[in-house]
Amino acid sequence: MDSHRALTGKVALVTGAARGIGRAIAVRLAHDGALVGVHYGHSEAAALDTVAEIRKNGGRAFPVGAELGVPGDAAAVFEAFDAGLREEGSEAGEVTEGGALDILVNNAGVSGSGPVGRAVPEVFDRMMAVNAKAPYFLVQQALPRMRDGGRIVNVSSLASRHAFPESVAYAMSKGALDTLTLCLAKELGGRGITVNTVAPGFVETDMNARRRATPEARDALAARSVFGRIGMPSDVADVVAFLASDDARWVTGQYLDVSGGTDL
Ligand code: NAD
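Residues numbered from 1 in each chain as written. Predicted model: local features only at pLDDT ≥ 70, side-chain atom pairs only at ≥ 80, totals over all residues. Heavy atoms only, no water.

As recorded by an unreviewed UniProt entry, the protein carries the name Short-chain dehydrogenase and is attributed to Streptomyces aurantiogriseus. Quoted straight from UniProt, the Sequence similarities (unreviewed entry) entry for the protein says "Belongs to the short-chain dehydrogenases/reductases (SDR) family." (UniProt positions renumbered as here; feature names shortened; annotations may be inferred.)

Structural data, given as structure tokens:
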């Protein structure tokens, strides 16, 4: 790996990185030189596949397994992260005791909460637990480890700022995440840590496969972007890489629409 890459020497943790947008973010940050913790909930095989892809391309990564949205989730993530970091660091001859961290990407999320008329408390609680509460406590665990000049990127959704009545609790949980971004940006400025939100529109991942089930449905989604296509995970990952880099040091507390001009 070139020593002049933008993220050389940085340590990153990307949640929900076994597939979809998270995987693309992990691959891109590793490409830029970061050592990446590839977090997953249950899909260990897919996480190991992501790690293998990164290593094949000359990057460095390790898997971090822990389910989110359950009691003790954030502590479990960092226990697994520290263990992976120690192992990876000892292989590379580095001292990584103390679990240094530079970049936290809160990407993992669940959707499909449905309209308010069909809502049930358990689904509402699940949306909040995975999409808002888990990032909040992950940040709490991350901050003592994060080096000055660090980066937090929260993956929200266009749904928090455009009316999205088909999935209200999901949209609300992303609204909570946006507020977390704003509060943290103010709190952490003194440490040179930036905190930003990226908000994808429709991206081709498992999350919205149902919405692309027919060619007509696909075309309808594509038509909502000014570019006439559905987003790809790399469209989002490239923007996260920018926010994670030193080039974005003067950008904080922002909600960045990464939707290809959806519903402009
Ligand atoms: P995805 O379903 O492919 O990926 C979600 C990831 O989160 C998966 O790796 C999944 O395992 C992980 N995850 C979900 N619940 C978890 C839990 N309880 N514990 C641990 N891991 C868990 O979907 P994606 O499109 O890649 O979504 C990534 C992020 O992008 C999400 O936060 C989503 O809300 C957001 N987003 C996606 C779209 C889209 O169109 N795909 C649009 C806007 C926002």
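### Brief notes about the site of the ligand
Taken together, 27 residues lie around the ligand, and R19, N107, Y170, T205 and N208 are the ones closest in. At a separation of 2.8 Å, a nitrogen atom of the ligand approaches a polar backbone atom of L68. Interatomic distance of 3.4 Å between a backbone N/O atom of G109 and an oxygen atom of the ligand. Considered on its own, the ligand offers 820 Å² of accessible surface; in the complex 94% of this is hidden by protein. Those elements that place two or more of their residues in the shell around the ligand are α1 (20–31), α4 (121–142) and α5 (168–188). Of the residues assigned to the shell around the ligand, the class counts are 11 nonpolar, 11 polar and 5 charged. (Near = heavy atom within 4 Å. Polar contact = N/O pair within 3.5 Å; in protein donor to acceptor, adjacent residues only side chain to side chain. Areas by Shrake-Rupley, 256 points an atom, 1.4 Å probe, with all protein chains shown as cover. Helix = DSSP H or I, 4+ residues; strand = E, 2+ residues; numbered from the N terminus. Nonpolar A, V, L, I, M, F, W, Y, C, P; charged D, E, K, R; others polar.)

### A closer look at a nonpolar patch on the surface
Taken together, the side chains of V226, F227 and L264 present a nonpolar region at the surface, about 410 Å² in accessible area. With respect to the secondary-structure elements, F227 resides in the loop between α6 (215–222) and α7 (233–244). (Patch = residues over 30% accessible without salt bridge, like charges linked within 9 Å, V, L, I, M, F, W, Y side chains within 5 Å. Salt bridge = Lys/Arg side-chain N within 4 Å of Asp/Glu carboxyl O.)

### Section: the packing of aromatic side chains
Counted by the stated rule, this structure contains 4 aromatic pairs. When the centroid spacing of 5.6 Å and the interplanar angle of 50° are considered together, the rings of F62 and F81 count as tilted. Residue F62 is found in strand β3 (residues 60–65), and its partner F81 is found in helix α3 (residues 73–92); the two are separated by 19 residues along the sequence. In terms of burial, F62 and F81 fall into one category: buried. Joined through ring pairs, the aromatic side chains of F62, F78 and F81 make up one cluster. The ring of Y255 has R161 sitting right over it, with the charged end atom 3.7 Å from the ring centre. (Phe/Tyr/Trp six-rings, centres within 6.5 Å; stacked < 30°, edge-to-face > 60°. Buried < 20%, exposed > 50% of the residue type's maximum accessible area, 1.4 Å probe, protein only. Lys NZ or Arg CZ within 6 Å of the ring centre and 35° of its normal.)

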